[in-house]
Amino acid sequence: MATELDFGSKEEQAYQAAREFSKLFYNTFDKKRHLLNRLYLDTASLVWNGHSVTGLDNIIKFIDSLPSSEHTAENLDCQPLISEVSRGQLSIIVKVFGKVKYDNIKEPRAFNQDFLLTSQNNVWKIVSDSLRFQE
Amino acid sequence: MSRRGGFRVTTKYDGTRSFGEHDDRWQQNDQRPRHSRGRRPWGGKNNNSYSRGGGPRRGGRSGPDPRSRLDDDGDVSMSDTDRGSGHQRYNPYGRQNRGYDNRRDSRPDDQSRDRARRMGLPIDNSAPSADKWYKVTIPYGQKAEKSFVLKSLTNMSDVPFKPINYHYDQNRAVFYVQDKRAADALKRCHRRITMPSGFKMLLLVNLTNPPVLPMDPETVEKLKVCLSDRYEPSLKALNLSDLGQDEGLKNAGVYFTATRTDIINKIASIIGENIPELECLNMSKNKMRSLDIMSRLVTHAPNVTKLDLRDNKLRHISDLNLLKQWKLDEIVLDGNELCDKFHENSVYISAVRERFPKIKKLDGHDLPPPITFDIEADVALPPTKESFFLNSEVQTIMVKFLKEYFTLFDSDNRHNLLQAYHEDAVFSVSCSYHVLVQSKQANLKEYFPHCRNLTRAIEKDRRQKLLKRGNGAIVAALFQLPKTIHDPNSIVVDVSHASSSLLVFTVSGVFKEADSKADKPPIRAFSRQFLTIPSGSGMVIANDMLHITNASSHQAQKAFKQLAPTPSSSPVPETSQQAPFPQPGPAFTVEQQAMIAKFSEQSAMNMEWSAKCLEQNGWNYEKSGQVFLELQREMKIPSEAFVK
């Protein structure tokens, strides 16, 4: 079991991870969607506007069915999970508010997207992903 | 009638029209010369210029195609071989349209008459002209009283006339008549009336476009009546055919022409407000040369699937691009020049399908199904669904939890939320203006001091200070946020991760601020990610991350619209599936829970109201009971309190 970090360090770690993640995730989603599978855990779950998809393969299949996209994040926040929950494994939650424009769909949408990320062998992976349009 | 005789020439022309016109290039570039007979290369102007605006037409003065005048007023019989010397095509219509009787130009234009006159062409003054407008201008007419002018003209004119839109344009008095005989009679009054100033009254009478009268509320009401007459609810069909001839509209002072975008826009907003479900739209016989005028219809009537554009003046298949947003399965284009550009039916069908891939019926004919590729070019988004709870067990827990949480959150005392949070719980709030709302947004200044938006540069100290840790700090932070009233009907829950030790879910919806001084408190939208862990029989919040923005206009419109629940409806409006209000959760102590259960049993009120009553009376059971009896006697307890 890793040594428990103090809260300040966990916050710092969460902050750095969330900043990088939000850029990487949307860049991959918009431009290199075929690489998205590397970001999700095998057992990850996705809830997309009420559609529930579980398991990496299904998530990738679902995301592939969406039109090409262009996300812009306007707001980002993150929190570390508390020790009682994380039990030594570093995990964070990330919240994004922004807009997304899909190919062939005229109006952009405002969206809220929430993630739970966990570190596995020093790599951050998405445990859960929840997106909803604000409309 | 020689007018029609003139047009008949065109059939001869039509018969010889052939090459080039089905070539795709025509759709792309209007400026290419056309090789068919009767068409000349034209100058550099994009011919779209003809289709816009209601003013005098551009071009043509340098030498219009004489044949084009036939379309306006012409009583000119010319052979097809006659060629004008000009290089600017004046009127591109009329030659190809087959067999129309109504050849009069939609915008009778005195200039064309003048042109004809200059060219030494005879003008048929006896042509029927019921829908022609004449503008009567009286120079210096402003100096005389309107009553004097009209009275003396009525006396002098040998034909009665009805002046429309009498107004002043600088020092001129101007009005309109829609009657050729009256116009001619008025013309004869020129210099025959002496004005009070001693000068003779001058009268200039010209053919003109229909007057544009302002749309006052009364006119709009009349317009609505006309539209409802034209609407067939059982078919969701609106017939806007031949609007220019609608007597009801004319009586309302709405003189439609294909350039009156304002009228169509008004109609579009009436549709949007009253019949957004509209599916069949008939826009035939409106003399439209362009579909620009219909752009608002596309946005206000998004569900149109059947469109009739028969007998308009559309020249290019590409005009339809403006309507691509409509997922049409039927369209009628017959009677538009663009149809004549296709010599092969298959090319025509493909061109229409390119714009409307779902087309099944074209010009009344069923089309064979298209052969498509497996990769759909036009990928649509999956439709948005309701809340996702994973399973009914989670739903029950969740509904209970949220009901309690937001009841307390919206109450005067958020301190009661203390026990809803784990002692090490983490909370933060961030806010940003809505990314898509273009109009001015309500100020979020009460939230910005607490805002932890990490997309902006934010100092580490401040960032960490804004991340609240521990239930005491969290409740203190919650106290600093404005008091709220959440709209229970707006709440949507998505459970994204559930295990025996952990629930991760997002709650979103709208609220308004309880203490807002504004007449119309702004509607805010929130999205809140919770992470909860089991605790005793319930659960506690380990993480709570809140984002606040302004509601979208659609959200604001819907907010707080649903009436308070009636006895017959559900006591838990958050979700479509009902869960009875459950045992109080972690927000109450064991003793309190027992007290609530007992109180509920004795009072017959549900748990929620029992808890509310006890809470408001400081958990004094007897006092609560007295207050309850008193309120019940005064019939002040809403029936929903008894819905279990």
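Computed from a predicted model, the values in this text were never measured in an experiment.

### Structural notes on the overall build of chain A
1) Next: Per the secondary structure count, chain A includes three helices and six strands.
2) Next: Order of helices (α) and strands (β) in chain A, N terminus to C terminus: α-β-β-α-β-α-β-β-β.
3) Next: Within chain A, the proportion of its 135 residues that are buried is 40%.

### Section: the sheet that holds strand β6 (residues 123–133) of chain A
Residues and elements named next belong to chain A.
1) Next: The strand order β2-β1-β6-β5-β4-β3 describes an open sheet built from six strands, whose pairing is mixed. Looking at which strands have only one partner, the edges of the open sheet turn out to be β2 (51–54) and β3 (69–80). In this sheet, neighbouring strand axes are inclined to one another by 20° on average, regardless of whether the strands run parallel or antiparallel.
2) Next: As judged from the five bridges shared by strand β1 (residues 40–48) and β6, these two strands associate in the parallel manner. By the bridge assignment for β6, S45 is matched with S128.
3) Next: In the packing of helix α1 (residues 7–31) onto the sheet, contacts are made with β3, β4 (91–102), β5 (109–120) and β6, and the angle to β3 comes to roughly 165°.
4) Next: Relative to the sheet, helix α2 (residues 56–64) contacts β1 and β2, its axis offset from that of β1 by approximately 45°.

### Some words on the packing of helix α7 (residues 217–229) of chain B against helix α9 (residues 261–274) of chain B
Residues and elements named next belong to chain B.
1) Next: It is at 11 Å that the axes of α7 and α9 come closest, and there the two elements cross at 70°. The orientation of α7 with respect to α9, classified from their angle, is roughly perpendicular. Viewed along their axes, α7 and α9 form a crossing whose handedness is right-handed. For the pair α7 and α9, contact is made by V220, L223, K224 and L227 and by K266, I267 and I270, respectively.
2) Next: Broken down by class, the residue content of the contact of α7 with α9 amounts to five nonpolar, no polar and two charged.

### So, the interface of chain A and chain B
1) Next: Facing 47 residues of chain A, the contacting portion of chain B comprises 48 residues.
2) Next: Of all the secondary structure elements, the ones that give two or more residues to the side of chain A that touches chain B are α1, β1, β2, β3, α3 (83–86), β4, β5 and β6 of chain A.
3) Next: Per element, the largest residue contribution to the side of chain A that touches chain B is seven residues, and it comes from β3(A).
4) Next: A class-by-class count of the residues in the side of chain A that touches chain B yields 21 nonpolar, 14 polar and twelve charged.

### What to know about the confidence of the model for chain B
Residues and elements named next belong to chain B.
1) Next: When pLDDT is averaged across chain B, the result is 76; 74% of the residues are at 70 or more.
2) Next: Across residues 119–129, confidence stays below pLDDT 50; counting only partners more than four residues off in sequence or on other chains, it has 18 contacts.
3) Next: Counted against residues more than four places away or in other chains, residues 563–586, with its pLDDT under 50, gives 58 contacts.
4) Next: Here the complex is predicted with pTM 0.50, and the ipTM for its interfaces comes to 0.95.

### Re the confidence of the model for chain A
1) Next: The predicted model of chain A averages 91 in pLDDT, with 97% of residues at 70 or higher.
2) Next: Here α3(A) stands out as the least confident element of chain A, with mean pLDDT 84; β6(A) is the most confident, with 96.

Reading the values: the criteria
- Residues numbered from 1 in each chain as written.
- Chains lettered and ligands numbered in written order.
- Predicted model: local features only at pLDDT ≥ 70, side-chain atom pairs only at ≥ 80, totals over all residues.
- Helix = DSSP H or I, 4+ residues; strand = E, 2+ residues; numbered from the N terminus.
- Buried ≥ 20, exposed ≤ 12 C-beta atoms within 10 Å, placed from the backbone.
- Pairing = 2+ DSSP bridges.
- Axes fitted to C-alpha atoms, helices over the stretch in contact; angles between N-to-C directions.
- Contact = placed C-beta atoms within 7 Å.
- Parallel < 35°, antiparallel > 145°, perpendicular 65-115°, else oblique.
- Left-handed = near helix turned anticlockwise from the far one by under 90°.
- Nonpolar A, V, L, I, M, F, W, Y, C, P; charged D, E, K, R; others polar.
- pLDDT = per-residue confidence, 0-100.

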